[in-house]
Number of protein chains: 2
Amino acid sequence: MLKRAPTNAELEILRVLWQRGPSTVRHVHESVDHVKPVGYTTVLKLLQIMVEKGLVRRDASARSHVYAAVASQGATQRRLVRDLVRRVFGGSTLGLVLHALHSAPATAPELDQIRRLLDEKKGGRT
Amino acid sequence: MLKRAPTNAELEILRVLWQRGPSTVRHVHESVDHVKPVGYTTVLKLLQIMVEKGLVRRDASARSHVYAAVASQGATQRRLVRDLVRRVFGGSTLGLVLHALHSAPATAPELDQIRRLLDEKKGGRT
DNA sequence: CACTAAGTACGAAGCTGTTCGTAGCTACAC
DNA sequence: GTGTAGCTACGAACAGCTTCGTACTTAGTG
């Protein structure tokens, strides 16, 4: 079963599920609608499709079904980064990182955080 | 005139134009077809659409028109990274970088390159 | 029981991206 | 001049994503 990456509208919904945890359609709709107006049944339909795709799980025991994300936010982000690296940087993760850093308005503490990660990696190589 | 990010198929074509420079449809088709079989007129149509979108420029002075990318590879990559950061990392470039580094099989020289970049940025802040 | 509110299911339309077949034009070889 | 090879233009089909309207179901209230 090959899973496709979530689409744009699907990501909006996943964002809510990751942030608020398992939610009803009403909950998700309220959150999404607040950011970008959209019909209730649109969100419902999306969630139904996402169930079929295996992106979310549905608990139908209560009258209002409760939906939860299947993949964690981290795993999904990793997936999307991998796709971008392949599509746009010919598989070079380094290319992506350099590009991102160039255009990043990073603060000093953030830079330190990256530096720490680099040190870890270096240590782990031996 | 708002420019949309290039689609998947469009990126395949841009990759050829960036690599080989201004090219005829035949040239582009041969390169793309080699990687992923596709009809000649498909590539032609795509290029025509890309002209309308402003993604490529066309020199129609010769019988075989010559197409060239409008935006540089770097600028396009930056654009796509920015989009991903907004869509998937809530605008946090740092989030993207950390994620990428975590899953990156970076070599020591590559890590050094990143470190150099970090030093530059740090220096530039004061 | 009858009514209403809140929920789910589903069909279908509109848009974009991708693909290709067909038609038509033109330079060149003979 | 005639034919052919190579090119551009264009319409149309198909697929995926997104959106919503409508129909159906059910729990609760009087």
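Residues numbered from 1 in each chain as written. Chains lettered and ligands numbered in written order. Predicted model: local features only at pLDDT ≥ 70, side-chain atom pairs only at ≥ 80, totals over all residues. Heavy atoms only, no water.

A. Layout of the sheet that holds strand β3 (residues 66-69) of chain B. Residue and element names in this part refer to chain B. Pairing in this open sheet of three strands is antiparallel, and the strands run β1-β3-β2 from one edge to the other. Whereas interior strands pair on both sides, the edge strands pair on one side only; in this sheet they are β1 (23-24) and β2 (56-59). Strands β1, β2 and β3 of the sheet are contacted by helix α1 (residues 8-20), whose axis makes an angle of about 95° with β3. (Pairing = 2+ DSSP bridges. Helix = DSSP H or I, 4+ residues; strand = E, 2+ residues; numbered from the N terminus. Contact = heavy atoms within 4.5 Å. Axes fitted to C-alpha atoms, helices over the stretch in contact; angles between N-to-C directions.)

B. Quick look at the packing of helix α4 (residues 73-89) of chain A against helix α5 (residues 93-102) of chain B. Relative to each other, α4 of chain A and α5 of chain B sit at 80°, their axes nearing to 10 Å. Compared by their axis directions, α4 of chain A and α5 of chain B come out roughly perpendicular. Contact residues: G74, Q77, R78 and V81 of chain A in α4 of chain A; L96, H99 and A100 of chain B in α5 of chain B. A per-class count over the contact of α4 of chain A with α5 of chain B returns three nonpolar, three polar and one charged. (Parallel < 35°, antiparallel > 145°, perpendicular 65-115°, else oblique. Nonpolar A, V, L, I, M, F, W, Y, C, P; charged D, E, K, R; others polar.)

C. Quick peek at the nonpolar core. L96 and I114 of chain A together with L96 and I114 of chain B are the most contacted members of the largest nonpolar core, which has 34 residues in total. Elements with a minimum of two residues in this core: α4, α5 (93-102) and α6 (108-125) of chain A together with α4 (73-89), α5 and α6 (108-125) of chain B. Excluding residues that lie within four positions of it along the chain, I114 of chain B makes contacts with L94, V97, L98, L101 and L118 of chain A together with L101 of chain B. Counting residues in each nonpolar core, the second largest holds 15 residues, with L14, V16, V32 and L55 of chain B among its members. (Core = buried A, V, L, I, M, F, W, Y, C linked by side-chain atoms within 4.5 Å. Buried < 20%, exposed > 50% of the residue type's maximum accessible area, 1.4 Å probe, protein only.)

D. Representation of the protein's contact with DNA strand C. In the region of DNA strand C, 24 residues are neighbours, and R26 and R63 of chain A together with T7, G39 and T42 of chain B sit closest. One nitrogen or oxygen atom from the side chain of R26 of chain A is found 2.6 Å from a phosphate oxygen belonging to DNA strand C. Mapped by element, the contributors of at least two residues to the surface near DNA strand C are α2 (25-35) and α3 (40-53) of chain A together with α1 and α3 (40-53) of chain B. Grouping the amino acids of the surface near DNA strand C by side-chain chemistry returns six nonpolar, nine polar and nine charged. (Near = heavy atom within 4 Å. Polar contact = N/O pair within 3.5 Å; in protein donor to acceptor, adjacent residues only side chain to side chain.)

E. The protein's contact with DNA strand D, seen in detail. Around DNA strand D lies a shell of 23 residues, among which T7, G39 and T42 of chain A together with R26 and R63 of chain B are the nearest. For DNA strand D, the backbone portion of the atoms within 4 Å of the protein, that is sugar and phosphate, comes to 66%. One of the side-chain nitrogen or oxygen atoms of R26 of chain B is found 2.5 Å away from a phosphate oxygen of DNA strand D. Put simply, the parts of the chain that give the surface near DNA strand D at least two residues each are α1 (8-20) and α3 of chain A together with α2 (25-35) and α3 of chain B. Its residues assigned to classes, the surface near DNA strand D shows six nonpolar, nine polar and eight charged.

F. Spotlight on the domain arrangement of chain A. Structurally, chain A comprises domain 1 (1-91) and domain 2 (95-126). For domain 1 of chain A versus domain 2 of chain A, the separation of C-alpha centres amounts to 29 Å. (Domains from an automatic or database assignment.)

G. Structural detail: the environment of A68 of chain B. All names here are of chain B. Along the polypeptide, A68 turns up in strand β3. Measuring from C-alpha to C-alpha, the distance between A68 and T24 comes to 9.0 Å, with 44 residues separating the pair along the chain. The residues contacting A68, other than those within four sequence positions of it, are L17, P22, L55, V56 and R57.

H. Geometry of the interface of chain B and chain A. Each side of the interface is counted separately: chain B has 38 residues, and chain A has 38 residues. Where chain B abuts chain A, roughly 4,100 Å² becomes buried across the two surfaces, and 67% of that area is made up of carbon and sulfur atoms. Here chain B is connected to chain A by two salt bridges. We note a salt bridge from D119 of chain A to R115 of chain B, for which the minimum N-O separation is 3.0 Å. Counting every contact that joins chain B to chain A gives ten residue pairs in polar contact (both at pLDDT 80 or more). If you list the elements that add at least two residues to the side of chain B that touches chain A, you get α1, α4, α5 and α6 of chain B. Among the elements that take part in the side of chain B that touches chain A, α6 of chain B stands out by supplying 13 residues, more than any other. In the side of chain B that touches chain A, the residues fall into 19 nonpolar, nine polar and ten charged. (Buried area = accessible area lost by both parts, 1.4 Å probe. Salt bridge = Lys/Arg side-chain N within 4 Å of Asp/Glu carboxyl O.)

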